[in-house]
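Observations on chain architecture
Below, each chain spelled out in residue letters.
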Amino acid sequence: MVSIRNNVTSPPNHVFCTYTPDCSMVMRIINMVTFLMENAFKINNIASFDVIYDIRHGTPETFKSKRLIYVTAVDIYWAQNIFQYSHELCHLLIAEPIPECFKWFEESICDLASIFFLYESEKNWVSYFPDHSDYKPKIQKYIADLSSGESFSLHDLFDEQSECAIYLKSHRYDRNRNRYVALSLLPIFKDNPALWKSVPLLCRGANAKSFKDFLEQWRKSSDNKNIDQVIDLFS
């Protein structure tokens, strides 16, 4: 199992009571998701990194250069911990920088990881948590309650002069559009889960002049022809 350190937080400040989070359950969830993502990404052993569980940090966050992930969901919100950690670990596994103008796609892929590995966690929940098997329907409800995002023409993203393409180049954290892209990609990744092995190679498109060129360089750097289905989605 991957080495995860610095995994205990001080209790958050509450006005009405003192609350000590159950970090042991959070770490069991982190270990499960790490194993599922190692398998999907075909990584035998992820290089050591730190996970800090701290509700007071505000938002989940990844610092690639420090190999550090913050998880901030309340400890009893297990599905949200899966969602946050999957997203952040996906960022960490794309080790090299992606050009600023295409970081919106990295955010969309990591949002996809959150959703995809919620499904995988739901499928494997009872095996990992026989002592909490009754929680499985709550993961299903969490998935059902996820926002569907804001629909827009994905084809516009191959037109570098389109309003949407120009907008996303400087708005990587448009969560509604990130979600719409993620959900559009979800069927492709469900049918071809080996695509996750190619995700760390997204950084190979560092010299791309357009989003289409970025995806085509990703395709050339990978041996997975199913990236063509991703390209077709935007064509």
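For the structure itself, consult the block above.
Residues numbered from 1 in each chain as written. Predicted model: local features only at pLDDT ≥ 70, side-chain atom pairs only at ≥ 80, totals over all residues. Heavy atoms only, no water.

Some remarks on the overall build of the protein chain
Secondary structure assignment for the protein chain yields eight helices and four strands. The helix and strand sequence of the protein chain, counted from the amino end, reads β-α-β-β-β-α-α-α-α-α-α-α. Taken over the C-alpha trace, the protein chain has a radius of gyration of 18 Å; the compact-globule value for 235 residues is 18 Å, and the two agree within 12%. Across its three principal directions, the C-alpha atoms of the protein chain cover 55 × 35 × 35 Å. Among the 235 residues that make up the protein chain, the fraction classed as buried is 51%. Intrachain contacts of the protein chain at a sequence separation of at least 6 include 67% that bridge at least 24 residues. Accessible surface computed for the protein chain: about 11,300 Å², of which carbon and sulfur atoms make up 50%. Charge separation in the protein chain, taken as the distance between the mean sites of 25 positive and 29 negative side-chain charges, equals 4 Å. (Helix = DSSP H or I, 4+ residues; strand = E, 2+ residues; numbered from the N terminus. Rg over C-alpha atoms; globule rule 2.2 N^0.38 Å. Buried < 20%, exposed > 50% of the residue type's maximum accessible area, 1.4 Å probe, protein only. Contact = heavy atoms within 4.5 Å. Areas by Shrake-Rupley, 256 points an atom, 1.4 Å probe, with all protein chains shown as cover. Lys, Arg positive; Asp, Glu negative; His and termini not counted. Charge placed at Lys NZ, Arg CZ, Asp CG, Glu CD.)

Topic: the nonpolar core
In this structure, Phe-105 and Trp-196 are the most contacted members of the largest nonpolar core, which totals 72 residues. Of the residues forming this core, the biggest block, twelve residues, is contributed by helix H1 (residues 23-41). (Core = buried A, V, L, I, M, F, W, Y, C linked by side-chain atoms within 4.5 Å.)

So, the environment of Ile-52
Position of Ile-52 relative to the elements: it lies in strand E2 (residues 49-53). Sequence spacing of Ile-52 and Glu-163 is 111 residues, and the spatial spacing of their C-alpha atoms is 39 Å.

Notes on the packing of aromatic side chains
One pass over the full model with this rule turns up 25 aromatic pairs. Geometry around Phe-152 places Arg-177 over its ring, the cationic atom sitting 5.4 Å from the centre. (Phe/Tyr/Trp six-rings, centres within 6.5 Å; stacked < 30°, edge-to-face > 60°. Lys NZ or Arg CZ within 6 Å of the ring centre and 35° of its normal.)

A closer look at the packing of H1 against helix H2 (residues 78-93)
Viewed as axis vectors pointing N to C, H1 and H2 meet at an angle of 45°, and their least axial separation amounts to 10 Å. It follows from the interaxial angle that H1 and H2 lie oblique. Crossing geometry of H1 relative to H2 is assigned as right-handed. On H2, the residues that touch Met-25, Val-26, Ile-29, Ile-30, Met-32, Val-33, Thr-34, Met-37 and Phe-41 of H1 are Trp-78, Asn-81, Ile-82, Tyr-85, Ser-86, Leu-89, Cys-90 and Leu-93. Split into classes, the residues belonging to the contact of H1 with H2 amount to 14 nonpolar, three polar and no charged. (Axes fitted to C-alpha atoms, helices over the stretch in contact; angles between N-to-C directions. Parallel < 35°, antiparallel > 145°, perpendicular 65-115°, else oblique. Left-handed = near helix turned anticlockwise from the far one by under 90°. Nonpolar A, V, L, I, M, F, W, Y, C, P; charged D, E, K, R; others polar.)

Considering the pattern of salt bridges
Counted under the stated rule, the structure contains 13 salt bridges. With a closest N to O distance of 2.9 Å, Glu-120 and Lys-123 form a salt bridge. Separated by three residues within a single helix, Glu-120 and Lys-123 lie in helix H3 (residues 103-128), roughly one turn from each other. Owing to a relative accessible area of 54%, Lys-123 belongs among the exposed residues under this scheme. (Salt bridge = Lys/Arg side-chain N within 4 Å of Asp/Glu carboxyl O.)

Overview of the environment of Lys-209
By the element assignment, Lys-209 lies in the loop between helix H6 (175-191) and helix H7 (211-221). Here Lys-209 falls in the exposed class, since its relative accessible area comes to 75%. Along the primary structure Lys-209 and Cys-101 are separated by 108 residues, whereas in three dimensions their C-alpha atoms are 9.7 Å apart.

Notes on H3
The largest bend in H3 amounts to roughly 40° and is located at Glu-122. By the criterion of burial, H3 is predominantly enclosed, with 20 of the 26 residues buried. (Bend = angle between axes of the 7 residues up to and from the residue.)

Structural notes on the pairing of strand E4 (residues 68-71)
Neither face of E4 is exposed, since Leu-68 and Tyr-70 on one face and Ile-69 and Val-71 on the opposite face are all buried. Hairpin geometry of strand E3 (residues 61-63) and E4 is characterised by an intervening segment of four residues between the two adjacent antiparallel strands and by a positive phi of about 50° at Arg-67. (Pairing = 2+ DSSP bridges.)

Details of the state of the cysteines
Per the counting criterion, the structure on display carries zero disulfides. Looking at the unpaired Cys-90, the closest cysteine sulfur is the one in Cys-110, lying at 3.5 Å. Using a relative accessible area of 0% as the deciding quantity, one classes Cys-110 as buried. (Disulfide = S-S within 2.5 Å.)

Examining the side chain of Asp-54
Inspection of the secondary structure puts Asp-54 in the loop between E2 and E3. Engagement of the side chain of Asp-54 in a polar contact is seen with the backbone nitrogen of Arg-56, the distance being 3.0 Å. (Polar contact = N/O pair within 3.5 Å; in protein donor to acceptor, adjacent residues only side chain to side chain.)

Comments concerning H7
Owing to its 3.6 residues per turn, the α-helix brings residues three or four apart onto one side. By the burial criterion, the buried members of H7 are Phe-211, Phe-214, Leu-215 and Trp-218. Buried residues along H7 cover an arc of 95° about the axis, so they all sit on one side. Close packing links the buried residues of H7 with H3 and helix H8 (227-234). (Arc of directions from axis to C-beta.)

Geometric values such as these leave the question of function open.
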